[in-house]
Amino acid sequence: MTISTVQSPVLIHTIRDLRAWRATTTREGQAVGFVPTMGALHDGHLHLLRTARKQCDRVVLSIFVNPAQFAPHEDLATYPRTLDADLALLARSAPTHGPGADPMAASRPLADVVFAPSPAEMYPAGISTDVREQRGTFVEVLGVSHQMEGVTRPHFFRGVATIVLKLFNAVQPDRAYFGQKDVQQCVVLRNMVRDLLLPLTVVTVPTVRSATGLALSSRNRYLTPDQMEPALTLRRALVAASERYETGERRRTHLLKAAHAVFATEPRAQLEYISLAHPVTLAELDVVGQDGAILSGAFRVGTTRLIDNILLGCAL
Ligand SMILES: Nc1ncnc2c1ncn2[C@@H]1O[C@H](COP(=O)(O)OP(=O)(O)OP(=O)(O)O)[C@@H](O)[C@H]1O
Ligand SMILES: CC(C)(CO)[C@@H](O)C(=O)[O-]
Ligand code: BAL
């Protein structure tokens, strides 16, 4: 909902100022929720913020395009950086709406703080996208980082885990919110929080979709109008396989056959992979068992790479 009376978040660029803000919340005994993003905000991000707003006293949103999770050949240079538009969107987005919404709550901003650091602030020793040139401290979550997305993007989750741990150290949240759209990222970060004994809870929020079913994603803005139709191919493939699952099919070959059949009808969409993985170990499954499965994939439409997933018989 768009209202004119919503307050603006405080914009913070340095860890020093963020720590000063955080100290006041500690003194006041407030629970802090944290939504890390790379900006170019859309309704998926707003949904994470609304969920955090309901569960926490204060909410921090970070906007940082993290070089360490991009390979040298990927889109770090062209990734949309739209801080002014992001702040304007936050300024006109109310946390609650609809009949019966509390008018006091509705005047609060979705985020109390927007933390938008520079690369030098987050990587004081500098950062290269070339792993061979990197120096310093990095975090690897072994066992769940090198399959699925990690095949095409072998250093991606090392970059994600490293920046998210840094952001956790800066924000010190009680709860951190991540979208199911990036399902492997959720699994990796849950493992990191568990393994490193971090004192916070990871909350996974369902994927927000357009009316056509396309998962909202900052990279959707790379798509031309002609590409909107083929961009739905992965969603259709996952739904086709999921329908087979709902009718009792549990065999990998049969579930994936249904998904591949959809791609066979759409030459404008180039499938990279479809994975049927155990929801905890991320090991590929021949048969879906009692624990259920994550059915996920990546594909390209033109030069744009998109991902999506469906959970079969499990929750994250
Ligand atoms: N459609 C969505 N629904 C719910 N959460 C989402 C959605 N899209 C992204 N998120 C979540 O928002 C957080 C920040 O993601 P990010 O800023 O990378 O946006 P993105 O749309 O995923 O961008 P990209 O297109 O680069 O993947 C992540 O936790 C991500 O999973
Ligand atoms: C979690 C994250 C903000 C780390 O840079 C990023 O991977 C994302 O936006 O999903
Ligand atoms: N949401 C995932 C961020 C990335 O692809 O770099």
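What you see is a predicted model, and the numbers here were worked out from it, not measured in a lab.

Engineer: Which parts of the structure should I look at to understand the overall build of the chain?
Structural biologist: Summing up its helical and strand segments, the chain has 10 helices and nine strands in all. In terms of overall size, the chain behaves like a compact globule, its C-alpha atoms giving a radius of gyration of 20 Å where 316 residues would be expected to give roughly 20 Å. Principal-axis analysis of the C-alpha atoms gives the chain an extent of 55 × 55 × 40 Å. The buried share among the 316 residues of the chain stands at 38%. Taking all contacts inside the chain whose residues are at least 6 apart in sequence as the whole, residues at least 24 apart take part in 67%.

Engineer: Sorry if this is basic, but what is going on with the domain arrangement of the chain here?
Structural biologist: The accessible area lost on association of the parts is a frequent measure of interface size. According to the domain assignment, the chain consists of domain 1 (10-205) and domain 2 (218-308). A C-alpha centroid distance of 26 Å is found between domain 1 and domain 2. The partner domain 2 presents 12 residues to the 14 residues of domain 1 that form the contact. Listing elements by their share of the side of domain 1 that touches domain 2, those giving two or more residues are helix 6 (149-152) and helix 8 (183-195).

Engineer: Help me understand the sheet that holds strand 1 (residues 10-12), please; the structure alone is not making it clear to me.
Structural biologist: Within a beta sheet, neighbouring strands are joined by backbone hydrogen bonds and run either parallel or antiparallel to one another. Sheet architecture is open: six strands sit in the order 1-4-3-2-5-6, paired in parallel fashion. Each having just a single partner strand, strand 1 and strand 6 (201-205) make up the two edges of the open sheet. Mean inter-strand twist for the sheet, computed between neighbouring axes without regard to direction, equals 25°. Note that strand 1 and strand 4 (residues 113-115) share three bridges and pair parallel.

Engineer: Even after reading the chapter, I still don't get the packing of helix 9 (residues 233-246) against helix 10 (residues 252-264), so can you show me in this structure?
Structural biologist: Where helix 9 contacts helix 10, the two axes come as close as 8 Å, and the packing angle between them is 150°. Overall, the two elements helix 9 and helix 10 adopt an arrangement that is roughly antiparallel. Handedness of the crossing formed by helix 9 with helix 10: right-handed. Of the residues in helix 10, those in contact with Thr233, Arg236, Ala237, Leu238, Ala240, Ala241, Arg244 and Tyr245 of helix 9 are His254, Leu255, Leu256, Ala258, Ala259, Ala261, Val262 and Phe263. Along the lines of polarity and charge, the residues of the contact of helix 9 with helix 10 split into 12 nonpolar, two polar and two charged.

Engineer: Help me understand the environment of Lys257, please; the structure alone is not making it clear to me.
Structural biologist: The residue Lys257 is located in helix 10 in this model. On a C-alpha basis, the gap between Lys257 and Ala298 in space is 16 Å, while along the polypeptide they are 41 residues apart.

Engineer: Would you take a moment to explain the packing of helix 7 (residues 156-171) against helix 8 for this structure?
Structural biologist: Relative placement of two packed helices is described by the angle separating their axes and the distance separating the axes. Running from amino to carboxyl end, helix 7 crosses helix 8 at an angle of 50°, the nearest separation of the two axes being 10 Å. One finds that helix 7 runs oblique with respect to helix 8. Between helix 7 and helix 8 the crossing geometry is right-handed. Residue-level contacts link Phe157, Val160, Ala161, Val164 and Leu165 of helix 7 to Gln185, Val188, Leu189 and Met192 of helix 8. Looking at the contact of helix 7 with helix 8 residue by residue, the class counts come to eight nonpolar, one polar and no charged.

Engineer: Please clarify how the site of ligand 2 should be interpreted in this entry.
Structural biologist: Lining the immediate environment of ligand 2, one finds Pro36, Thr37, Met38, Asn66, Gln69, Val160, Ile163, Val164, Asp182 and Gln185. Tallying contributions element by element places helix 7 first for the shell around ligand 2, with three residues. Grouping the amino acids of the shell around ligand 2 by side-chain chemistry returns five nonpolar, four polar and one charged.

Engineer: Even after reading the chapter, I still don't get the nonpolar core, so can you show me in this structure?
Structural biologist: The nonpolar side chains of a soluble globular protein tend to be buried, and buried together. With 74 residues, the main nonpolar core has Leu49, Val59, Val60, Ala111, Val171 and Val188 as its most contacted residues. Ranked by residue count, the leading element in this core is helix 7, at 10 residues. Domain assignment of the residues forming this core places at least three in each of domain 1 (10-205) and domain 2 (218-308).

Conventions we followed
- Residues numbered from 1 in each chain as written.
- Chains lettered and ligands numbered in written order.
- Predicted model: local features only at pLDDT ≥ 70, side-chain atom pairs only at ≥ 80, totals over all residues.
- Helix = DSSP H or I, 4+ residues; strand = E, 2+ residues; numbered from the N terminus.
- Rg over C-alpha atoms; globule rule 2.2 N^0.38 Å.
- Buried ≥ 20, exposed ≤ 12 C-beta atoms within 10 Å, placed from the backbone.
- Contact = placed C-beta atoms within 7 Å.
- Domains from an automatic or database assignment.
- Pairing = 2+ DSSP bridges.
- Axes fitted to C-alpha atoms, helices over the stretch in contact; angles between N-to-C directions.
- Parallel < 35°, antiparallel > 145°, perpendicular 65-115°, else oblique.
- Left-handed = near helix turned anticlockwise from the far one by under 90°.
- Nonpolar A, V, L, I, M, F, W, Y, C, P; charged D, E, K, R; others polar.
- Near = placed C-beta within 6 Å.
- Core = buried A, V, L, I, M, F, W, Y, C linked by C-beta atoms within 7 Å.

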